[in-house]
Amino acid sequence: MLDSLSLGEFGLWVWWIIAAVLGIVELIAPGIFFIWLAAAAAVVAVVVMAVDIPLTLQVALFAVLSVIAVWTSRRYFARHEVPSDHPLLNQRAQTYVGRSFTLEQAILNGRGKIRIGDTLWLAEGPDLPAGTTVHVTGVDGAVLKVEAVH
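Thresholds, definitions, all that
- Residues numbered from 1 in each chain as written.
- Predicted model: local features only at pLDDT ≥ 70, side-chain atom pairs only at ≥ 80, totals over all residues.
- Heavy atoms only, no water.
- Helix = DSSP H or I, 4+ residues; strand = E, 2+ residues; numbered from the N terminus.
- Buried < 20%, exposed > 50% of the residue type's maximum accessible area, 1.4 Å probe, protein only.
- Contact = heavy atoms within 4.5 Å.
- Core = buried A, V, L, I, M, F, W, Y, C linked by side-chain atoms within 4.5 Å.
- Expected span 1.5 Å × (residues − 1).

### Description of the environment of Lys113
And then number 1: Locating Lys113 in the fold gives a position in strand β2 (residues 111-116).
And then number 2: With a relative accessible area of 28%, Lys113 lands in the partly exposed category.
And then number 3: For the pair formed by Lys113 and Ala130, sequence separation is 17 residues and the distance between their alpha carbons is 8.8 Å.
And then number 4: When residues no more than four places from it in sequence are discounted, the contact partners of Lys113 are Leu103, Glu104, Gln105, Leu120, Trp121, Leu122 and Ala123.

In structure tokens, the structure reads:
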């Protein structure tokens, strides 16, 4: 019964509208995902323009093209990383490696605190008194690895 269902020329516009809506969703929620679904809908619209096919076949074509497009794009971007002009943007602690700061709270039993701007950061290193200048040598999550400046 559904195989005989066809939307005719209206179905063509439905696919173009779906493609446009998915393209707008990509603009609102970027992530390079919805654009591939929009492309699949546009390809279905072009196919429907050329050949009158039943709605079930249109939906199946859209589903297959969507899976292929998303899978292909994921593989491509996994192999071809896009370079960033701010590689440490969401890794603020990494930006402190190599810099020196003053201990806010003494390092006792390997743990203390450093004030950087208006934030207190956990610090790990040898036991040192408050006020000591330390050099950040690494990061473990949100904990700064430090050593005394000589």
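Now that the structure has been shown, the text picks up again.
### Some remarks on the nonpolar core
And then number 1: In terms of nonpolar packing, the biggest core is built from 15 residues, with Ile114, Ile116, Leu144 and Val146 touching the most fellow members.
And then number 2: Listed by contribution, the elements that provide at least two residues to this core are β1 (100-108), β2, β3 (119-124), β4 (133-140) and β5 (143-148).
And then number 3: Grouped together as the second largest cluster of nonpolar side chains are 14 residues, Ala45, Val48, Ile53 and Phe62 included.

### Quick notes on helix α3 (residues 55-79)
And then number 1: For α3, with 25 residues, the first-to-last C-alpha span of 36 Å sits near the 36 Å given by 1.5 Å per residue.
And then number 2: Inspection of α3 places Leu55, Gln58, Phe62, Ser66, Ala69, Val70 and Ser73 among the buried residues, and these make up the whole buried set.

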